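What the coordinates show
One-letter residues, chain by chain:
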Amino acid sequence: MLDKVKELIGEVNDFKATTKEELEAFRIKYIGKKGILNDLFAEFKNVANDQKKEFGQALNTFKQAAEGKINQLRETLEDADLNKSSLNDLTRPAEPLNLGSRHPISIVKNQIIDVFSRIGFTVSEGPEIEDDWHNFTALNLPEYHPARDMQDTFFIEQNPDILLRTHTSSVQTRYMENNKPPIRTLSPGRVFRNEDISARAHCIFHQVEGLYIDTDVSFADLKQTLLYFTKEMFGKSKIRLRPSYFPFTEPSAEVDIYWGLETETDYKITKGTGWLEIMGCGMVDPNVLKNANIDPTQYSGYAFGMGIERIAMLLYQIPDIRMFYENDVRFLEQFKSIS
Ligand code: PHE
């Protein structure tokens, strides 16, 4: 009896199947309801008492061997099925590659950096959580200066010295403190203002600001640089500078480009004038240079700053600033072909 079981174990271990049908026949034969295993269990009562233990153990080994074999072969056969259906067919078209797209803010930011890097500007970055000195005071905006109200500020933890930067001019303050002229730097980044959210304004947006300091930098240099930028960025070559006010520049100006009045959209976005305001600029105020230990009798400079969202909205005719932050893939996917 025992020998018979051992023989069966050997048989089970040697078994091979190439189809699921063969495997099922094997299962029915050995461990099915009317299979060999159950027959052997039925014999159990006829086994001599002193052999019962050994016989019982042999039966268990047999059962485990049969079950193990079935599981193992089932897996192998399933794998083979998979291979047959997909991996072995070399004529199948490849799985489509799902390419992501860059965010329009990144696209426009990179374009602006690209245009200015061709005339020697490098990129500098700074913290989004700033202190009062770098965001305001060093930029000729001392405490209680009314112009602080131009940029509604988020303060942090009731500490009026720590705030979320309201413009990336703060990066330029830091850059002037740590670098000697000539300075030619571009500061892109996220800025924060406590403003009501609407289609035109958001409490978080992005800026690129530029700073150029050297000996004999004049307003003509600024104007020429702006003209170069608008030509490269928008393909437009007519700009105008309107007098304006910023505490950190003197004189200051607002830059408009002539967009034209060819289409209905042109009428809409320029309010029928053909002109579009795109940035603020001016000659760096001598006080700002002094605050950064740069001698204003030796050096002069210009600065400019623009909102990236505004430029992206113009370039891609985006009607609502909130679309930039909703991360709706139907919106984002439209920028797939641009890098
Ligand atoms: N910092 C200004 C703003 O955020 C922009 C600006 C930069 C204006 C540099 C003039 C010169 O509105």
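By a frequent convention, interface size equals the accessible area lost on bringing the separate parts together. Each assigned domain of the protein chain is listed with its residue range as follows: domain 1 (2–88) and domain 2 (104–335). Its C-alpha centre places domain 1 at a distance of 78 Å from the equivalent point of domain 2.

Attention shifts here to the pattern of salt bridges. All told, the structure shown has 12 salt bridges when counted by the stated rule. Here Glu232 ties to Arg118 by a salt bridge, and the two come within 2.7 Å at their closest N and O atoms. Of this pair, Glu232 sits in helix α8 (residues 219–234) while Arg118 sits in the loop between α5 (104–117) and β1 (122–123); the two residues are 114 residues apart in sequence, bridging distant segments of the chain. Given the relative accessible area of 47%, Arg118 is considered partly exposed.

Surveying the vicinity of the ligand reveals 14 residues, the closest of which are His167, Ser169, Arg193, Gln207 and Glu209. The side chain of His167 places a nitrogen or oxygen atom 3.1 Å from a nitrogen atom of the ligand. At a separation of 2.8 Å, a nitrogen atom of the ligand approaches a polar side-chain atom of Glu209. Relative to its unbound accessible surface of 320 Å², the ligand loses 91% to contact with the protein. Taken together, the elements giving at least two residues each to the shell around the ligand come down to β6 (204–214), β9 (275–284) and β10 (300–307). At three residues, β10 tops the list of elements feeding residues into the shell around the ligand. Residue classes in the shell around the ligand are distributed as five nonpolar, seven polar and two charged.

Between Pro181 and the following residue, Pro182, the backbone shows a cis peptide bond with an omega angle of 5°. For Pro182, the position within the fold is in the loop between α7 (169–178) and β5 (183–192). Cis peptide bonds are those with omega within 30 degrees of zero, and the linkage from Glu250 to Pro251 qualifies with -5°. With respect to the helices and strands, the residue Pro251 is situated in strand β8 (residues 249–258). Phi at Tyr144 takes a positive value of approximately 70°, unusual for a residue other than glycine. Positive phi is not limited to glycine here, since Asp216 has a value of about 60°.

Let us now look at the pairing of strand β7 (residues 239–246). Consecutive side chains along a regular strand alternate between the two faces of the sheet. Here β7 pairs with β8 via seven bridges, running antiparallel. Across the sheet, residue Arg240 finds its bridge partner in β8, namely Asp256. Between the end of β7 and the start of β8, which pair antiparallel, lie two residues.

So, about the sheet that holds β9. On the basis of which strands lie adjacent, the open sheet formed by seven strands has the order β1-β5-β6-β10-β9-β8-β7 and mixed pairing. If you trace the sheet from one side to the other, it starts and ends with β1 and β7, each paired once. Where α5 meets the sheet, it contacts β1, β5, β6 and β10, and its direction lies at approximately 165° from that of β5. Contacts from α8 reach β7, β8, β9 and β10 within the one sheet, and its direction differs from that of β9 by about 145°.

Below, the discussion takes up α5. Between its first and last C-alpha atoms α5 spans 20 Å; for 14 residues at 1.5 Å apiece the expected length is 20 Å, and the two agree. Pro104, Ile105, Ile107, Val108, Ile112, Ile113, Val115 and Phe116 are the residues of α5 that are buried.

In this model helix α2 (residues 20–31) runs 16 Å from its N-terminal to its C-terminal C-alpha over 12 residues, within 8% of the 16 Å that 1.5 Å per residue would give. Burial in α2 covers these residues: Leu23, Phe26 and Tyr30. Angularly, the buried residues of α2 cover 55° about the axis, an arc narrow enough to put them on a single face.

In space, the three strands of this open sheet follow the order β2-β4-β3, with antiparallel pairing throughout. At either margin of the open sheet sits one strand with a lone partner, and together these are β2 (129–131) and β3 (155–156). Note that β3 and strand β4 (residues 159–164) share two bridges and pair antiparallel. Its bridge partner being in β4, Phe155 is matched across the sheet by Leu163.

Cut-offs applied
- Residues numbered from 1 in each chain as written.
- Predicted model: local features only at pLDDT ≥ 70, side-chain atom pairs only at ≥ 80, totals over all residues.
- Heavy atoms only, no water.
- Domains from an automatic or database assignment.
- Salt bridge = Lys/Arg side-chain N within 4 Å of Asp/Glu carboxyl O.
- Helix = DSSP H or I, 4+ residues; strand = E, 2+ residues; numbered from the N terminus.
- Buried < 20%, exposed > 50% of the residue type's maximum accessible area, 1.4 Å probe, protein only.
- Near = heavy atom within 4 Å.
- Polar contact = N/O pair within 3.5 Å; in protein donor to acceptor, adjacent residues only side chain to side chain.
- Areas by Shrake-Rupley, 256 points an atom, 1.4 Å probe, with all protein chains shown as cover.
- Nonpolar A, V, L, I, M, F, W, Y, C, P; charged D, E, K, R; others polar.
- Pairing = 2+ DSSP bridges.
- Contact = heavy atoms within 4.5 Å.
- Axes fitted to C-alpha atoms, helices over the stretch in contact; angles between N-to-C directions.
- Expected span 1.5 Å × (residues − 1).
- Arc of directions from axis to C-beta.

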